[in-house]
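Each chain is listed here by its residues.
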Amino acid sequence: MATIHGKGGMVYLQGSGANATKLGEAKSWAISIDRDLSEDGALEDTWVTQLSGLLKWSGSITGNFDTAETSPFDAAIATATKKFYLYPVAGTTANYYYGNGWPKLSVDAGMGGTATFTLDFDGDGQLARN
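The sections below set out a description of the structure shown in this document. Please read these numbers as outputs of a predicted model, since none were measured by experiment.

1. Structural notes on the packing of aromatic side chains
Under the criterion given, the structure shown has eight aromatic pairs. Ring geometry for Phe 84 against Phe 121: centres 3.9 Å apart, planes inclined by 20°, an arrangement best described as stacked. Remark: Phe 121 occurs in strand E7 (residues 116-123) and Phe 84 occurs in strand E5 (residues 82-87); sequence separation between them is 37 residues. Taken individually, Phe 84 and Phe 121 each receive the classification buried, so the pair is uniform in this respect. Note on Tyr 85 and Tyr 96: the rings are 6.2 Å apart at their centroids and 55° apart in plane angle, and the pair reads as tilted. Of the two residues, Tyr 85 sits in strand E5 while Tyr 96 sits in the loop between E5 and strand E6 (97-108), which places them eleven residues apart along the sequence. Assessed through its relative accessible area of 24%, Tyr 85 is described here as partly exposed. Aromatic ring contacts, followed pair by pair, group Tyr 12, Tyr 85, Tyr 87, Tyr 96 and Tyr 98 into a single cluster.

Listed below in C-alpha coordinates is the structure:
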(Lines give C-alpha, C1' and ligand atoms only; values in the text may rest on other atoms or scores of the structure.)
Protein backbone atom coordinates (compact mmCIF):
# COMPACT_ATOMS: atom_id res chain seq x y z
CA MET A 1 0.00 0.00 0.00
CA ALA A 2 1.24 3.50 -0.79
CA THR A 3 0.75 6.94 0.70
CA ILE A 4 -2.89 7.91 0.33
CA HIS A 5 -5.08 10.99 0.19
CA GLY A 6 -7.86 11.14 2.76
CA LYS A 7 -10.57 11.81 0.18
CA GLY A 8 -10.87 8.13 -0.72
CA GLY A 9 -11.88 6.70 2.66
CA MET A 10 -15.06 4.88 3.59
CA VAL A 11 -16.86 4.01 6.85
CA TYR A 12 -19.27 1.22 7.73
CA LEU A 13 -21.19 1.31 11.01
CA GLN A 14 -23.60 -1.13 12.61
CA GLY A 15 -26.83 0.64 13.52
CA SER A 16 -29.93 -1.11 14.80
CA GLY A 17 -29.59 -4.23 12.63
CA ALA A 18 -27.08 -7.07 12.64
CA ASN A 19 -25.08 -5.75 9.65
CA ALA A 20 -22.96 -2.65 9.29
CA THR A 21 -23.95 -0.19 6.54
CA LYS A 22 -21.98 2.47 4.71
CA LEU A 23 -22.17 6.01 6.08
CA GLY A 24 -22.70 7.94 2.87
CA GLU A 25 -22.18 11.36 4.48
CA ALA A 26 -19.00 10.52 6.43
CA LYS A 27 -16.25 13.09 5.86
CA SER A 28 -13.45 11.80 8.08
CA TRP A 29 -12.48 9.12 10.55
CA ALA A 30 -9.69 8.76 13.06
CA ILE A 31 -8.43 6.03 15.38
CA SER A 32 -6.06 6.21 18.32
CA ILE A 33 -4.31 3.26 19.96
CA ASP A 34 -3.04 3.64 23.51
CA ARG A 35 -2.10 1.51 26.50
CA ASP A 36 -2.39 1.59 30.25
CA LEU A 37 0.94 2.36 31.93
CA SER A 38 1.91 1.70 35.55
CA GLU A 39 4.90 3.41 37.11
CA ASP A 40 7.33 0.95 38.65
CA GLY A 41 9.94 3.33 40.05
CA ALA A 42 11.89 2.72 43.24
CA LEU A 43 13.19 5.14 45.89
CA GLU A 44 16.64 5.69 44.40
CA ASP A 45 15.62 5.88 40.73
CA THR A 46 16.38 9.08 38.83
CA TRP A 47 13.97 8.50 35.97
CA VAL A 48 10.43 7.22 35.84
CA THR A 49 10.08 3.74 34.42
CA GLN A 50 6.78 2.17 33.46
CA LEU A 51 5.22 -1.19 32.80
CA SER A 52 2.93 -1.62 29.83
CA GLY A 53 -0.58 -2.80 30.64
CA LEU A 54 -3.61 -3.43 28.46
CA LEU A 55 -3.99 -1.93 25.00
CA LYS A 56 -6.99 0.30 24.31
CA TRP A 57 -8.32 2.24 21.37
CA SER A 58 -10.76 4.99 20.54
CA GLY A 59 -11.82 6.90 17.47
CA SER A 60 -14.20 9.27 15.81
CA ILE A 61 -16.21 9.70 12.65
CA THR A 62 -17.43 13.07 11.40
CA GLY A 63 -19.72 13.94 8.54
CA ASN A 64 -22.64 15.87 7.18
CA PHE A 65 -25.79 15.28 9.21
CA ASP A 66 -28.43 13.53 7.10
CA THR A 67 -31.79 12.80 8.74
CA ALA A 68 -32.26 9.77 6.45
CA GLU A 69 -29.04 8.19 7.72
CA THR A 70 -30.15 6.73 11.05
CA SER A 71 -27.32 4.34 11.95
CA PRO A 72 -25.27 6.94 13.95
CA PHE A 73 -28.27 7.64 16.20
CA ASP A 74 -29.24 3.97 16.44
CA ALA A 75 -25.66 3.01 17.36
CA ALA A 76 -25.41 5.75 20.00
CA ILE A 77 -28.57 4.69 21.86
CA ALA A 78 -27.86 0.95 21.68
CA THR A 79 -27.30 -1.09 24.81
CA ALA A 80 -24.54 -3.17 23.20
CA THR A 81 -21.31 -2.41 21.37
CA LYS A 82 -21.48 -1.69 17.64
CA LYS A 83 -19.26 -2.82 14.77
CA PHE A 84 -17.03 -0.33 12.91
CA TYR A 85 -15.19 -0.84 9.64
CA LEU A 86 -12.81 1.98 8.66
CA TYR A 87 -11.35 1.92 5.14
CA PRO A 88 -8.41 4.19 4.24
CA VAL A 89 -9.14 3.68 0.52
CA ALA A 90 -12.65 2.72 -0.64
CA GLY A 91 -11.33 1.11 -3.83
CA THR A 92 -9.02 -1.17 -1.84
CA THR A 93 -11.48 -3.03 0.37
CA ALA A 94 -8.88 -5.64 1.33
CA ASN A 95 -7.23 -3.12 3.72
CA TYR A 96 -9.30 -1.83 6.63
CA TYR A 97 -9.53 -1.51 10.42
CA TYR A 98 -12.38 -3.03 12.39
CA GLY A 99 -13.63 -3.62 15.89
CA ASN A 100 -16.50 -3.09 18.30
CA GLY A 101 -17.04 0.14 20.17
CA TRP A 102 -19.32 2.21 22.37
CA PRO A 103 -20.42 5.22 20.28
CA LYS A 104 -21.35 8.70 21.52
CA LEU A 105 -23.15 11.01 19.09
CA SER A 106 -23.19 14.80 18.87
CA VAL A 107 -24.90 16.89 16.19
CA ASP A 108 -24.18 20.53 15.40
CA ALA A 109 -26.83 22.35 13.38
CA GLY A 110 -26.53 26.12 13.35
CA MET A 111 -27.55 28.90 11.00
CA GLY A 112 -24.00 29.34 9.73
CA GLY A 113 -23.60 26.26 7.57
CA THR A 114 -24.09 22.56 7.01
CA ALA A 115 -25.34 20.50 9.93
CA THR A 116 -22.69 18.00 11.01
CA PHE A 117 -22.36 14.98 13.27
CA THR A 118 -19.50 13.55 15.29
CA LEU A 119 -19.51 9.98 16.47
CA ASP A 120 -16.81 9.40 19.10
CA PHE A 121 -16.29 5.85 20.25
CA ASP A 122 -14.35 3.89 22.84
CA GLY A 123 -13.16 0.52 21.66
CA ASP A 124 -14.36 -2.66 23.31
CA GLY A 125 -11.81 -5.40 22.76
CA GLN A 126 -9.31 -5.60 19.96
CA LEU A 127 -8.94 -3.14 17.09
CA ALA A 128 -7.88 -5.35 14.19
CA ARG A 129 -6.44 -4.68 10.75
CA ASN A 130 -7.19 -6.67 7.65
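2. Describing the nonpolar core
Ranked by size, the top nonpolar core spans twelve residues in total: Val 11, Leu 13, Leu 23, Trp 57, Ile 61, Ala 75, Phe 84, Leu 86, Phe 117, Leu 119, Phe 121 and Leu 127. Elements that contribute at least two residues to this core include exactly strand E1 (10-14), strand E4 (50-64), E5 and E7. What Leu 86 contacts, discounting residues up to four positions off in sequence, is Met 10, Val 11, Trp 29, Ile 31, Ile 61, Tyr 96, Tyr 97 and Phe 121.

3. Digging into the pairing of E6
Along a regular strand, successive side chains alternate from one face of the sheet to the other. Here E5 pairs with E6 via five bridges, running antiparallel. If you follow Tyr 85 over to E6, its bridge partner there is Tyr 98. Pairing analysis gives two bridges linking E6 to strand E8 (residues 128-129), with the strands arranged antiparallel. Looking at E8, one finds that Tyr 97 is bridged to Arg 129. Pairing geometry for E6 and E7, over eight bridges, is antiparallel. Among the inter-strand pairings, Val 107 is bridged to a residue of E7, identified as Phe 117.

4. Re the side chain of Glu 69
With respect to the helices, strands and loops of the structure, Glu 69 is situated in the loop between E4 and helix H1 (71-76). For the buried Glu 69, no salt bridge is present, and the opposite-charge side chain at shortest range is Lys 22, 8.9 Å distant. A polar contact is formed between the side chain of Glu 69 and the backbone nitrogen of Gly 24, at a distance of 2.6 Å. Sequence-distant contacts of Glu 69, that is, excluding residues within four places in its chain, are made with Lys 22, Leu 23, Gly 24 and Glu 25.

5. Describing a negative patch on the surface
On the surface, Glu 39, Asp 40, Glu 44 and Asp 45 cluster together into a negatively charged patch. Of note, Glu 39 is situated in strand E3 (residues 26-39). Overall, the relative accessible area of 61% leaves Glu 39 in the exposed class.

About the criteria used
- Residues numbered from 1 in each chain as written.
- Predicted model: local features only at pLDDT ≥ 70, side-chain atom pairs only at ≥ 80, totals over all residues.
- Heavy atoms only, no water.
- Phe/Tyr/Trp six-rings, centres within 6.5 Å; stacked < 30°, edge-to-face > 60°.
- Helix = DSSP H or I, 4+ residues; strand = E, 2+ residues; numbered from the N terminus.
- Buried < 20%, exposed > 50% of the residue type's maximum accessible area, 1.4 Å probe, protein only.
- Core = buried A, V, L, I, M, F, W, Y, C linked by side-chain atoms within 4.5 Å.
- Contact = heavy atoms within 4.5 Å.
- Pairing = 2+ DSSP bridges.
- Lys, Arg positive; Asp, Glu negative; His and termini not counted.
- Salt bridge = Lys/Arg side-chain N within 4 Å of Asp/Glu carboxyl O.
- Polar contact = N/O pair within 3.5 Å; in protein donor to acceptor, adjacent residues only side chain to side chain.
- Patch = residues over 30% accessible without salt bridge, like charges linked within 9 Å, V, L, I, M, F, W, Y side chains within 5 Å.
- Areas by Shrake-Rupley, 256 points an atom, 1.4 Å probe, with all protein chains shown as cover.
- Charge placed at Lys NZ, Arg CZ, Asp CG, Glu CD.

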